Amino acid sequence: MSTSVVVLIVVVAIVVILGIALLARAQMRHSELDIRPLPETARQRYRQQWSLVQQQFVDRPGGAILEADRLLTLLMAERGYPTEGYEQQHRDLSVEHANTIEHYRRAHDITQGHQKTDASTEDLRKAMVHYRPVFEDLLGDADVRPEGDRHHAR
């Protein structure tokens, strides 16, 4: 085996080990959070608010994506997720919501870009499309958790 192949194997191994360590840290932090499902009344309220945000998009697309981001943050908080900043939100959500976390990243990136310079209506539409699966995933089903289980299992 050549030296470059050995170096490549070592680098890949280090990256894998670091990835595992980061995942373990995220899972440990997540296990300490008081994540809870929403009562049906709250779920209905959020659905109504989401519907209003989507209607608002027609006349005010920029305002609608800012409102979608704000509504998603409120939903996270009510579920028990800390909302101290995007990077931490991303890490916390990645544990239970891995299937939609890429949507959250893309929507957030478009929203941030829009706040710096006006994004095109098409980009804003894409942000709304990306926010929706995250919103639905966080809204969750009105499932009942086993007694003594503090954390919402998926």
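Note that the structure is a prediction, hence the values are computed from the model and not measured. (Residues numbered from 1 in each chain as written. Predicted model: local features only at pLDDT ≥ 70, side-chain atom pairs only at ≥ 80, totals over all residues. Heavy atoms only, no water.)

Engineer: Any chance you could explain the pattern of salt bridges here in plain terms?
Structural biologist: Opposite charge on two side chains makes pairing possible when the charged atoms of those side chains draw close. In this structure the tally under the stated criterion is 9 salt bridges. Two residues, E136 and R47, come together in a salt bridge whose shortest N-O distance is 3.9 Å. Of the two residues, E136 sits in helix α6 (residues 121-139) while R47 sits in helix α2 (residues 40-59), which places them 89 residues apart along the sequence. A residue is classified by how much of its surface remains accessible, and R47, at 36% relative accessible area, is partly exposed. Across the pair R105 and D109 runs a salt bridge whose closest N-O atoms are separated by 2.7 Å. You can see R105 and its partner D109 sitting in helix α5 (residues 101-116), 4 residues apart, about one turn around the helix. (Salt bridge = Lys/Arg side-chain N within 4 Å of Asp/Glu carboxyl O. Helix = DSSP H or I, 4+ residues; strand = E, 2+ residues; numbered from the N terminus. Buried < 20%, exposed > 50% of the residue type's maximum accessible area, 1.4 Å probe, protein only.)

Engineer: How should I be thinking about α6 in this particular structure?
Structural biologist: One full turn of an α-helix is made of 3.6 residues, so residues set three or four places apart face in the same direction. Taking 1.5 Å as the rise per residue, α6 with 19 residues should run 27 Å; its terminal C-alpha atoms sit 26 Å apart, in good agreement. Of all the residues in α6, the buried ones are L124, A127, M128, H130, Y131, V134, F135, D137, L138 and L139. On its buried face, α6 is in contact with α2, α3 (61-79), α4 (86-96) and α5. Just downstream of α6 lies G140, where phi reads positive at about 65 degrees. (Expected span 1.5 Å × (residues − 1). Contact = heavy atoms within 4.5 Å.)

Engineer: I tried to follow the confidence of the model for the protein on my own but got confused; where do I start?
Structural biologist: Reading predicted coordinates in detail is not appropriate for stretches of low pLDDT. On average, residues of the protein carry a pLDDT of 83, and 84% of them reach 70 or more. Looking over the protein, one finds the lowest element-wise mean pLDDT in helix α1 (residues 3-32), namely 76, and the highest in α2, namely 95. Across residues 142-154, confidence stays below pLDDT 50; counting only partners more than four residues off in sequence or on other chains, it has 30 contacts. (pLDDT = per-residue confidence, 0-100.)

Engineer: Could you clarify how one ought to interpret the side chain of R43 in this entry?
Structural biologist: Along the polypeptide, R43 turns up in helix α2. The exposure class of R43 is buried, given its relative accessible area of 6%. Only 2.5 Å separates the side chain of R43 from the backbone oxygen of G140, close enough to count as a polar contact. (Polar contact = N/O pair within 3.5 Å; in protein donor to acceptor, adjacent residues only side chain to side chain.)

Engineer: Whenever I open this one, a nonpolar patch on the surface confuses me. Can you help?
Structural biologist: Residues M1, V5, V6, I9, V10, I14 and L18 make up a contiguous nonpolar surface patch of about 670 Å² in total accessible area. The partly exposed category is assigned to V5, whose relative accessible area is 34%. (Patch = residues over 30% accessible without salt bridge, like charges linked within 9 Å, V, L, I, M, F, W, Y side chains within 5 Å. Areas by Shrake-Rupley, 256 points an atom, 1.4 Å probe, with all protein chains shown as cover.)

Engineer: Hey, could you run me through the packing of α3 against α5 in this one?
Structural biologist: Two numbers describe a pair of packed helices, the interaxial angle and the distance between the axes. Between α3 and α5, the least distance of the axes is 10 Å, while the angle of their chain directions is 130 degrees. As the angle between them shows, α3 and α5 are arranged oblique. Between α3 and α5 lies a crossing whose hand is left-handed. Facing G62, I65, L66, D69, L72 and M76 of α3, the residues of α5 in contact are Y104, H108, T111, H114 and Q115. (Axes fitted to C-alpha atoms, helices over the stretch in contact; angles between N-to-C directions. Parallel < 35°, antiparallel > 145°, perpendicular 65-115°, else oblique. Left-handed = near helix turned anticlockwise from the far one by under 90°.)

Engineer: Can you walk me through the nonpolar core in this structure?
Structural biologist: For soluble globular proteins, nonpolar side chains are generally found buried alongside one another. If you look at the biggest cluster of nonpolar residues, it comprises 30 residues, and the most contacted ones within it are L72, L75, Y104, F135 and L138. Elements represented by at least two residues in this core include exactly α2, α3, α4, α5 and α6. The dominant element in this core, judged by the number of residues it contributes, is α6, at 8 residues. In this structure L72 touches Y104, Y131, V134, F135 and L138, once residues within four positions along its chain are discounted. (Core = buried A, V, L, I, M, F, W, Y, C linked by side-chain atoms within 4.5 Å.)

Engineer: For this particular structure, what's the right way to read the packing of α2 against α6?
Structural biologist: One way to put it is that α2 packs onto α6 with a least axis distance of 12 Å and a crossing angle of 175 degrees. When the axis of α2 is compared with that of α6, the two are roughly antiparallel. For the pair α2 and α6, the contacting residues are R43, Y46, R47, W50, V53, Q54 and F57 in the first and T121, L124, R125, M128, Y131, R132, F135, E136 and L139 in the second. Considering only residue class, the contact of α2 with α6 consists of 9 nonpolar, 2 polar and 5 charged. (Nonpolar A, V, L, I, M, F, W, Y, C, P; charged D, E, K, R; others polar.)

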